[in-house]
Amino acid sequence: MTGGRVRLVPGDGSLSGCGVVDREPGVRHRSVRGVSPPPGRSVPGRPSPPARRRPPVPGARAGTGGARRSDPKELQVDTPDVRDELFRHRPARADIGRAEVATTLRFVCAGTLGQTVGVASVPVLEVPTGCARSAERLARQITDLFEIPVVRPSAESLRIVARVPELARRTRLCDGTGRWVRGLPPSVVAGDDAVLAGAWRAAFLAAGALGGRGRAGLELICPSPETAMALTGAARRLGVAALTRPSTHGDRVVVRDHADVRVVLSLIGAPRAAQAWTPDLRRGTGEAPVSGALHDANRERASQAAATTTRRVQALLADPPAGVPDRLLATGLLRARNPELSLQELGRLADPPMTKDAIAGRLRRLLEHADRAHPGG
């Protein structure tokens, strides 16, 4: 080899069979006549080029080839996460614990408390909690707060064999005559914010869920309309907008606004779930969350309409025209005494209970009588 030229040794008669025998030191090797080595083969004496690697995908897991990104849904909180956090919560006061016990019994013993006439007819109270951790929590609370023995026939149920009337009386689940209350006890409904939050905590552990029925929100399946009304009123006192919705599975209490859901989760003792919960990324919601501004506007319009109707009804009741049916006057009196309630809540207070459409129809006909009696007013 002279002059820096490469001497070739013929192989199989083709350029691909040629190989480099020697090379001038310090001289860079070039392919013969611009022909590069075939794929998969390297020229002796020349280092193989580094393999081209695809840049890693940010957030991809190792060993997956960079094809899978981290799923934001995996970071979201679900109903079991909230329940797990609530099971670790301990009430700070005895009255909060009693409110939790009363609310839990109201939910899980709905069949017994709703069908029997009085406490004396229930010598043994079966408490089917449906969850081992719920049964353990309730048994501990009854034993610690009321010093009443509890039997565990199974991991998910309790049995109170003796002193059932005493437990009902001390939880205020029965009135002075020994009859079961239809909703929550008065001591719970009239309690402070901590007691109301304890009632909501017990209700969620008994029959609560996040994102129920494909909606981005929180819901409770209540055993009776009175219980749903009590929890709705408790939510309003806590500054949360809750709605009551009847269904085939029972009366539902629904919190739809995502900000209100976070408030509820924080108040009942699940602050970590409140921070992690994001409605628009939840699994299976199938529905974008309704903005809080829209809910505020709807509530404002409903409040203004209720205030206007209340003023007109009060003016009519001050000087009722002749010929107005008593049932319309009774509905007007119900509205005048409860100006802050919705039409659905007024319907539940009516005797007999009515739908919100029936209440609205009666109020409309009542105001029509007022318009006919005072055309210029």
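Nothing here was measured: the structure is a model prediction, and the numbers come from that model.

## Brief notes about the side chain of Arg 252
Within the fold, Arg 252 resides in strand β9 (residues 251–255). Given a relative accessible area of 10%, Arg 252 falls into the buried group. Side chain to side chain, Arg 252 and Glu 219 meet in a polar contact 2.8 Å long.

## Thoughts on the confidence of the model for the chain
Looking at the chain as a whole, the pLDDT averages 76, with 70% of positions reaching at least 70. When pLDDT is averaged over each element of the chain, helix α7 (residues 193–207) comes out on top at 95 and strand β2 (residues 19–20) at the bottom at 42. Confidence drops under pLDDT 50 across residues 1–35; counting only partners more than four residues distant or on other chains, this segment forms 29 contacts. Note on residues 280–291: pLDDT under 50 across the span, and 26 contacts to partners over four residues away in sequence or across chains.

## Some remarks on helix α2 (residues 94–108)
The end-to-end C-alpha distance of α2 is 21 Å, a good match for the 21 Å that 15 residues give at a rise of 1.5 Å each. For α2, the buried fraction is high: 12 of the 15 residues fall into the buried class. The complete set of buried residues in α2 reads Ile 96, Gly 97, Ala 99, Glu 100, Val 101, Ala 102, Thr 103, Thr 104, Leu 105, Arg 106, Phe 107 and Val 108.

## Considering the sheet that holds β9
Spatially, the four strands line up as an open sheet ordered β6-β7-β9-β8, and their pairing is antiparallel. Lying at the two open borders of the sheet, with one neighbouring strand each, are β6 (208–210) and β8 (243–245). This sheet shows a mean twist of 25 degrees between the axes of neighbouring strands, independent of strand direction. Note: β8 against β9, three bridges, orientation antiparallel. Bridge pairing in β9 places Leu 243 opposite Val 254.

## A look at the sheet that holds strand β4 (residues 151–154)
Pairing is antiparallel across the open sheet formed by three strands, whose spatial order is β3-β5-β4. Two strands lie at the open edges of the sheet, namely β3 (125–128) and β4, each paired on one side alone. Across the sheet, the mean angle separating the axes of adjacent strands is 30 degrees when strand polarity is ignored. Relative to strand β5 (residues 157–160), β4 runs antiparallel, the two being bridged by two bridges. Its bridge partner being in β5, Val 151 is matched across the sheet by Arg 159. Helix α4 (residues 132–146) contacts β3, β4 and β5 of the sheet and is inclined by roughly 30 degrees relative to β5.

## Quick notes on the packing of α2 against α7
Contact pair α2 / α7: the axes reach a minimum separation of 8 Å and the direction vectors enclose 35 degrees. For the element pair α2 and α7, the recorded crossing hand is right-handed. Along its contact with α2, which presents Asp 95, Ile 96, Ala 99, Glu 100, Thr 103, Thr 104, Phe 107 and Val 108, the element α7 presents Ala 194, Val 195, Gly 198, Ala 199, Arg 201, Ala 202, Ala 203, Ala 206 and Ala 207.

## Points about the pattern of salt bridges
Taken as a whole and judged by the stated rule, the model has 14 salt bridges. Measuring nitrogen to oxygen at the nearest pair gives 2.8 Å for the salt bridge that ties Asp 192 to Arg 93. In this pair, Asp 192 sits in the loop between α6 (186–189) and α7 while Arg 93 sits in the loop between α1 (79–87) and α2, placing the two residues 99 residues apart along the sequence. The exposure class of Asp 192 is partly exposed, given its relative accessible area of 35%. On the accessibility criterion, Arg 93 (34% relative accessible area) is partly exposed. In this structure, the salt-bridge partner of Glu 166 is Arg 163, at a minimum N-O distance of 2.8 Å. A relative accessible area of 36% means that Arg 163 is categorised as partly exposed. Salt bridges linked by common partners bring Asp 84, Arg 88 and Arg 133 together as one network.

## Some remarks on the environment of Pro 80
Structurally, the position occupied by Pro 80 is in helix α1. Once the C-alpha coordinates of Pro 80 and Leu 205 are considered, the two residues, 125 residues apart in sequence, prove to be 9.8 Å apart.

## Some thoughts on the nonpolar core
In this structure, Val 82, Trp 200, Leu 218, Leu 220, Leu 231, Val 253 and Leu 265 are the most contacted members of the largest nonpolar core, which totals 39 residues. Those elements that place two or more of their residues in this core are α1, α2, α7, β7 (218–222), α8 (225–237), β9, α9 (258–267) and α10 (271–276). Counting residues per element, this core draws most heavily on α7, which supplies seven residues. When residues of this core are sorted by domain, at least three fall in each of domain 1 (89–181) and domain 2 (190–276). If you look at the next biggest cluster of nonpolar residues, it comprises 25 residues, including Val 108, Leu 125, Ile 148 and Val 181.

## Regarding a nonpolar patch on the surface
Taken together, the side chains of Val 124, Val 151 and Val 161 make up a nonpolar region of the molecular surface, amounting to roughly 210 Å² of accessible area. You can see Val 161 is positioned in the loop between β5 and α5 (164–170). Residue Val 161 is classed as partly exposed on the basis of its relative accessible area of 45%.

## Looking at the side chain of Gln 344
Looking at where Gln 344 falls in the secondary structure, it is placed in helix α13 (residues 343–349). For Gln 344, the residues in contact, after removing those within four places along its chain, are Thr 244, Arg 245, Pro 246 and Lys 356.

## Some thoughts on the packing of α7 against α8
To describe two helices that pack against each other, one gives the angle between their axes and the distance between the axes. Running from amino to carboxyl end, α7 crosses α8 at an angle of 135 degrees, the nearest separation of the two axes being 10 Å. Here α7 is positioned oblique relative to α8, judged by the angle of their axes. For the pair α7 and α8, the crossing hand works out as left-handed. Taking contact as the criterion, the partners of Asp 193, Leu 196, Ala 199, Trp 200 and Ala 203 in α7 are, on α8, Leu 231, Ala 234, Ala 235 and Arg 237. Its residues placed into classes, the contact of α7 with α8 shows seven nonpolar, no polar and two charged.

Calculation criteria
Residues numbered from 1 in each chain as written. Predicted model: local features only at pLDDT ≥ 70, side-chain atom pairs only at ≥ 80, totals over all residues. Heavy atoms only, no water. Helix = DSSP H or I, 4+ residues; strand = E, 2+ residues; numbered from the N terminus. Buried < 20%, exposed > 50% of the residue type's maximum accessible area, 1.4 Å probe, protein only. Polar contact = N/O pair within 3.5 Å; in protein donor to acceptor, adjacent residues only side chain to side chain. pLDDT = per-residue confidence, 0-100. Contact = heavy atoms within 4.5 Å. Expected span 1.5 Å × (residues − 1). Pairing = 2+ DSSP bridges. Axes fitted to C-alpha atoms, helices over the stretch in contact; angles between N-to-C directions. Left-handed = near helix turned anticlockwise from the far one by under 90°. Salt bridge = Lys/Arg side-chain N within 4 Å of Asp/Glu carboxyl O. Core = buried A, V, L, I, M, F, W, Y, C linked by side-chain atoms within 4.5 Å. Domains from an automatic or database assignment. Patch = residues over 30% accessible without salt bridge, like charges linked within 9 Å, V, L, I, M, F, W, Y side chains within 5 Å. Areas by Shrake-Rupley, 256 points an atom, 1.4 Å probe, with all protein chains shown as cover. Parallel < 35°, antiparallel > 145°, perpendicular 65-115°, else oblique. Nonpolar A, V, L, I, M, F, W, Y, C, P; charged D, E, K, R; others polar.

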